[in-house]
Amino acid sequence: MTGRGGLPLVVAVDGGGSKTDAVSLELDGTLVEHRRGPGSSPHFDGLDASAAVVDELVRAVAGRRPVVHAGLYLSGLDLPIEIERYEAAIGRCDWAAASVTVDNDLYALLRAGTDEPDAVAIVCGTGVNAIGLRADRAEVRFPSLGSLSGDWGGGSGLGEAALWHAARAVDGRGPSTALVGEIERRLGVGSVGELIEGLHFGERDASELISLAPAVFEAARAGDAVAIGLVDRQATELADFARACLTRLELLDREIPVVLGGGIARSRDERLLRGIRSELAAAAPLARLSVVDDAPIVGAALLALEAAGGDGAALVRARAAVSAVTAAEPALLDA
């Protein structure tokens with residue numbers, strides 16, 4: 001990383017539930033600094049704690065140099081009121097006196113995957129969410145509030161569903177499944193019933209169920225009918241996000257990029273991707289599905305640099321530099 005002291009900087013932040021990346025760049029795309037800190041999702045950590053993490057990271061990457069624009073893209077900013085409250089909280093920071101953009105991290109994922117003006121981005125990691133954009137600035141977003149807003153899937157949803165099916169297999173209400181043994185092995189319990197009891201009494205955390213996602217995909221590849229059903233359901237859910245975006249934007253008959261990000265998507269499970277492509281082709285045959293390997297901070301950096309007036313050469317330089325020093329978290333299915 002290089003830089004010339006005293007020149008103004010552009011700062012970009014991508015914040016999720018487990019980590020936050022921040023970079024500073026000069027206007028020509030030169031990378032000055034990269035720092036990684038703890039998670040900063042206001043859903044998980046609260047507004048004040050999230051703003052404190054972001055403030056510390058911005059100060060760390062900017063040093064004493066002036067910030068001409070800061071682009072902050074965070075998981076958990078799904079509703080307009082959440083963005084407004086975050087803007088107010090960040091507005092108290094001295095570096096935010098200039099230009100600041102605050103929005104959902106799906107914008108960063110989308111920009112990391114494509115610069116086309118009509119596009120859809122879907123994240124499938126711990127949870128699921130999507131965004132669709134059209135060249136005339138029309139957009140489609142989702143509340144992303146879990147089952148309250150009709151969401152299902154990601155590591156969290158798959159883990160919970162695996163336990164649901166395992167419980168029914170054990171007590172005779174449902175078909176047998178290899179997920180019973182996998183749950184006991186991966187979570188170190190003597191029985192599925194022991195795990196359920198531990199969760200009920202708060203002795204175990206429901207977040208542990210996310211680690212069961214690899215078991216679902218492995219069991220599906222081995223032919224387990226229950227696991228196959230879950231993988232196929234996940235494919236349908238993700239295809240439904242894309243279809244809904246393209247329908248509401250009236251882009252079903254256009255050649256539109258649909259980019260996938262998140263740990264589960266990056267695993268490139270063959271059955272999952274085949275299912276998404278098959279269902280998407282039925283509704284939008286010209287749509288182009290791809291998986292984004294770059295960390296979302298790459299997209300956040302490009303968006304921040306564009307907002308500050310960076311030219312094409314600066315964007316090329318910034319993408320190469322930020323990609324080289326940052327890496328997406330391991331695919332959930334490889335964990």
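Report on the accompanying structure. (Residues numbered from 1 in each chain as written. Predicted model: local features only at pLDDT ≥ 70, side-chain atom pairs only at ≥ 80, totals over all residues. Heavy atoms only, no water.)

## A closer look at the overall build of the chain
Part 1 of the argument: Regarding its fold elements, the chain presents 13 helices and ten strands.
Part 2 of the argument: In summary, the chain has a C-alpha radius of gyration of 21 Å against a globular reference of 20 Å for 335 residues, a match within 12%.
Part 3 of the argument: By principal-axis analysis of the C-alpha atoms, the chain measures approximately 70 × 50 × 35 Å.
Part 4 of the argument: Put simply, the chain has 335 residues, and 51% of those count as buried.
Part 5 of the argument: Long-range pairs, those at least 24 residues apart, make up 70% of the contacts in the chain with a sequence separation of at least 6.
Part 6 of the argument: Carbon and sulfur atoms form 51% of the exposed surface of the chain, whose accessible area is close to 14600 Å².
Part 7 of the argument: One way to put it: in the chain the 31 positive side-chain charges average out to a point 3 Å from where the 48 negative ones average out. (Helix = DSSP H or I, 4+ residues; strand = E, 2+ residues; numbered from the N terminus. Rg over C-alpha atoms; globule rule 2.2 N^0.38 Å. Buried < 20%, exposed > 50% of the residue type's maximum accessible area, 1.4 Å probe, protein only. Contact = heavy atoms within 4.5 Å. Areas by Shrake-Rupley, 256 points an atom, 1.4 Å probe, with all protein chains shown as cover. Lys, Arg positive; Asp, Glu negative; His and termini not counted. Charge placed at Lys NZ, Arg CZ, Asp CG, Glu CD.)

## Let's talk about the environment of Ala60
Part 1 of the argument: Position of Ala60 among the secondary structure elements: in helix α2 (residues 47–62).
Part 2 of the argument: On a C-alpha basis, the gap between Ala60 and Glu33 in space is 8.4 Å, while along the polypeptide they are 27 residues apart.
Part 3 of the argument: Those residues within four positions of Ala60 in sequence are excluded, and the remaining contacts are Glu33 and Arg35.

## Regarding the packing of aromatic side chains
Part 1 of the argument: Evaluated as defined, the whole model comprises one aromatic pair.
Part 2 of the argument: Summarising the aromatic geometry, the rings of Phe142 and Phe241 are spaced 4.9 Å apart at their centres and angled 80° between planes, so their arrangement reads as edge-to-face. With Phe142 in the loop between β8 (139–141) and α5 (154–171) and Phe241 in helix α9 (residues 225–248), the pair connects residues that are 99 residues apart, well separated along the chain. Assigned by exposure class, Phe142 and Phe241 land together as buried.
Part 3 of the argument: The side chain of Arg233 reaches across the aromatic face of Trp152, ending 3.8 Å from its centre. (Phe/Tyr/Trp six-rings, centres within 6.5 Å; stacked < 30°, edge-to-face > 60°. Lys NZ or Arg CZ within 6 Å of the ring centre and 35° of its normal.)

## Some remarks on the pairing of strand β9 (residues 257–261)
Part 1 of the argument: For β9, a buried count of five out of five residues is recorded, marking the element as mostly surrounded by other parts of the structure.
Part 2 of the argument: Residues Pro257, Val259 and Gly261 of β9 are buried on one face, and the alternating residues Val258 and Leu260, pointing to the opposite face, are buried as well.
Part 3 of the argument: By the bridge criterion, four bridges tie strand β6 (residues 119–124) to β9 in an arrangement that is parallel. Pairing of Ala121 across the sheet is with Val259, part of β9.
Part 4 of the argument: Relative to strand β10 (residues 288–291), β9 runs parallel, the two being bridged by four bridges. Following the sheet pairing, Val258 is matched in β10 by Leu289. (Pairing = 2+ DSSP bridges.)

## Focus on helix α4 (residues 106–113)
Part 1 of the argument: Among the eight residues of α4, seven are classified as buried, and the element is accordingly described as predominantly covered.
Part 2 of the argument: For α4, the set of buried residues is Leu106, Tyr107, Ala108, Leu109, Leu110, Arg111 and Ala112.

## Considerations on the sheet that holds strand β5 (residues 99–104)
Consider a sheet: its strands pair through backbone hydrogen bonds, and that pairing is either parallel or antiparallel.
Part 1 of the argument: Read from one edge to the other, the open sheet built from five strands follows the order β3-β2-β1-β4-β5, with strand pairing classed as mixed. The open sheet has two edge strands, β3 (31–38) and β5, and neither has a second partner. Strand-to-strand, the axes of this sheet are offset by a mean angle of 10°, without reference to chain direction.
Part 2 of the argument: Sheet analysis places strand β1 (residues 9–15) next to strand β2 (residues 19–25), joined by six bridges and oriented antiparallel. Bridge pairing in β2 places Val10 opposite Leu25.
Part 3 of the argument: Packing of α2 onto the sheet brings it into contact with β1, β2, β3 and β4 (67–74), and relative to β3 it is tilted by some 155°.
Part 4 of the argument: On top of the sheet, α4 reaches β1, β4 and β5; it is set at about 95° to β5, its chief contact. (Axes fitted to C-alpha atoms, helices over the stretch in contact; angles between N-to-C directions.)

## Observations concerning the sheet that holds strand β7 (residues 128–133)
Part 1 of the argument: Taken in spatial order, the five strands make up an open sheet running β8-β7-β6-β9-β10, and their pairing is mixed. With partners counted over all chains shown, the strands left at the sheet margins are β8 and β10, one partner each. The average angle at which neighbouring strand axes cross in this sheet is 15°, direction not considered.
Part 2 of the argument: Running at roughly 160° to β10, helix α11 (residues 270–283) makes contact with β9 and β10 of the sheet.

## Re the packing of α2 against helix α3 (residues 80–90)
Part 1 of the argument: Here α2 crosses α3 at 55°, and the two axes come no closer than 10 Å. As summarised for this structure, α2 and α3 are arranged oblique, according to the angle between their axes. Here the hand of the crossing between α2 and α3 comes out right-handed. Here Leu47, Ser50, Ala51 and Val54 of α2 lie close against α3, whose contacting residues are Arg85, Tyr86, Ala89 and Ile90. (Parallel < 35°, antiparallel > 145°, perpendicular 65-115°, else oblique. Left-handed = near helix turned anticlockwise from the far one by under 90°.)

## Quick look at the environment of Arg317
Part 1 of the argument: Inspection of the secondary structure assignment puts Arg317 in helix α13 (residues 312–325).
Part 2 of the argument: The partly exposed category is assigned to Arg317, whose relative accessible area is 40%.
Part 3 of the argument: Through-space distance from the C-alpha of Arg317 to that of Gly29 is 5.3 Å; in sequence the pair is 288 residues apart.
Part 4 of the argument: Look past the residues within four positions of Arg317 in its chain and what remains in contact with it is Asp28, Gly29 and Thr30.

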